[in-house]
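Fold and contact review
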Amino acid sequence: MPIISSDTLEIGDVFNSRVPYIIPRHQRTYSWGADEIDDYCSDLKKVMASPDRNYFFGGIVCIDKPVTGTSTGRHMIVIDGQQRLSTFMLTITSIREAYMFFEQKASKAKNVPAEQMAKIRREDIENRLMFYWDRVSKPPIKKDRLALSLIDEVYFSTLINTMIPQIPTERSHRLIKQAYKTIHKELIDDITKTKPIEDGLDKLQEFQSIFLDRCLITQIVCDTEDEAFLLFEVLNDRGRELATCDHLRNYTLQKTSEFPDIQQNIATCWDVIAESESAEKFLKAVVHTFLSQRPGRILHQTIRDSIIRAPENVTLQDAQGIAALILKIKNSLGTYERIMKGDWPYLPSSSNSWVKSVFELIIRRLKHVLCVPLLLKVYECKDEAFFADLIRIMSRAVPRYINVCAQRPVKLEVTYNKIIESLNKNPTSVTINSIKNDIGNLISSETPDAVLYEKFDKLNYGKDDDLIRYLLLMTEYYRQWVDGGADGTPVADETIVLNLMDIHLEHIYPQSPKPANVDAQLEPVKNQIGNITIMRSSDNRGAANDDFYTKKTFYGRSSIGLTRELENITTWDLLNYNNRLDRYKNIAKNVLKA
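Because the structure is a prediction, the values reported are computed rather than measured. (Residues numbered from 1 in each chain as written. Predicted model: local features only at pLDDT ≥ 70, side-chain atom pairs only at ≥ 80, totals over all residues. Heavy atoms only, no water.)

1. Side note on the pattern of salt bridges
- Under the counting rule described, the total for this entry stands at 33 salt bridges.
- The partner of Lys551 in a salt bridge is Glu506, with the nearest N and O atoms 3.6 Å apart. Placement of Lys551 in helix 21 (residues 548–556) and of Glu506 in strand 9 (residues 503–507) is noted, with a sequence separation of 45 residues between them. For the pair Lys551 and Glu506, a shared accessibility class is recorded, and that class is buried.
- Sharing partners across several salt bridges, the network here consists of Glu476, Arg479, Asp483, Glu565, Arg580 and Arg583. (Salt bridge = Lys/Arg side-chain N within 4 Å of Asp/Glu carboxyl O. Helix = DSSP H or I, 4+ residues; strand = E, 2+ residues; numbered from the N terminus. Buried < 20%, exposed > 50% of the residue type's maximum accessible area, 1.4 Å probe, protein only.)

2. Regarding the environment of Thr553
- Inspection of the secondary structure puts Thr553 in helix 21.
- Sequence separation between Thr553 and Leu566 is 13 residues, and the spatial gap between their C-alpha atoms is 9.4 Å.

3. Some thoughts on the packing of aromatic side chains
- Scanning the model with the defined rule gives 20 aromatic pairs in all.
- Aromatic side chains Phe101 and Phe102 sit 5.6 Å apart centroid to centroid with 65° between the ring planes, which places their arrangement in the edge-to-face category.
- According to the relative accessible area criterion, Phe101 is partly exposed, its value standing at 36%.
- With centroids separated by 6.1 Å and ring planes inclined at 45°, the aromatic side chains of Trp344 and Tyr346 adopt a geometry described as tilted. Each member of the pair, Trp344 together with Tyr346, is buried.
- Members of the aromatic cluster, connected to one another through ring pairs, are Trp32, Tyr40, Tyr55, Phe57, Phe88, Phe207 and Phe211.
- One cation-aromatic arrangement involves Lys142 over Phe131; the distance from NZ or CZ to the ring centre is 4.3 Å.
- Across from the ring centre of Phe290, 5.8 Å away, lies the NZ or CZ of Lys377, which sits over that ring. (Phe/Tyr/Trp six-rings, centres within 6.5 Å; stacked < 30°, edge-to-face > 60°. Lys NZ or Arg CZ within 6 Å of the ring centre and 35° of its normal.)

Laid out in structure tokens, this is it:
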């Protein structure tokens, strides 16, 4: 990653440079709210309390861009650091306002030396740190040393020139205004109350000196935009999300610059996406749904070159197509976020509570997020009934393949990708039966019944609790279908809806038996799945460590049929343990499939 330079600079040196800092016109707006500004002011107060120590305020990433027809000859294009630089400039503006306050106060008091001193320092701030003269223009034009992006540019410029916040018309304007007021209140107000004026000027100069000379940032300069955005990703906790969105925002807005109304719609979409904490993962899932595969290493390039694919010269029709695409992506964000939370994505919904509950289990308990791109594509191309049938298939097949048999997910992902590809080419060609065949063939080849049985025997309480709870839940749902002959596609009793968090694992032979009830044959298997049943919180579980004869009464009153079956067993010994284990296996064999 070529870097032209990397320097640690005092804040004063940053703005004292003759090269202006420019936020790209379509970059995101100012976004620091009360929490960030409060932290910033708190940090500066710490610096003031230890004036001999330097304080590091992070880094900025820029592109050194040659610009013809200007007196500076180049601009620093800010890719990362606009929030810091903007807030630094607000602080400098507040210092300038304080000098003007002292200047006017001294003038009223006819204190000429103090008035002149305040004026000299104010003009030094203006000429050295805030503005410069572009003398190529005739006549010369005074310009800001920091120019914000399109939405904030005029509002911010008016504020730093006049020191009077205007009426905000955008959310970012309100944040800029509030930041300026907070900085002045927390850092400057007490200084302006100092008497006499000369002491106030000394305190203000001390604050100015510490702020400009003791506060440091690292400035990294790259030679291309792609390199700068990659570096942005590395340096920031949310760098990937913000860098990807900012890059694509800039790209699509530049491409549609001749169509302002369309451009504004696109900007709004990108702002919504960028605000999401899951923007990076969401955009990766989007790429997956478009391309039937995971994105390349550089996400924004994949989306730019393989999905947006804007022509060199964009027509109105092209711009409308780009806007429609970005709107489609933005609209799928809500669906993605609901799916990732395990919330049913259809509002309103015609599906029953059972399928919604197993959907939540797949995502939140089994953590099977590998299926999310496929679910997004099915949501886009098919109806809710199709989506619900797919969830029924996944609720049976996924735990067998991934959780019980511990197969690597890569082959399942390949199967999902083939289905996505078919949906992209011809949605009508994909049916529930075709998906059952695709996933069923994988299950048969990679997790035959012998493997399922072997893995089932090793499921152990204390290590596999969530999986055991899920498997016994599915056993309860499907046991009547299995007992009825297990013909065709597995059919659950969807009138039963059990909350997994309300389900407790119950040892049939006690985990801690009373000395008189210890069974040497059952002790080695007491934590294995064959010795486990499930009970609801509402069931009376008070006899947990009693003998089986005593507990049968409680089992018989259970609201769960799988547990009520135990009432019909006379004694709990190794033979009945093995019978119970075989029953679990038989149900699993018939149910855990596509």
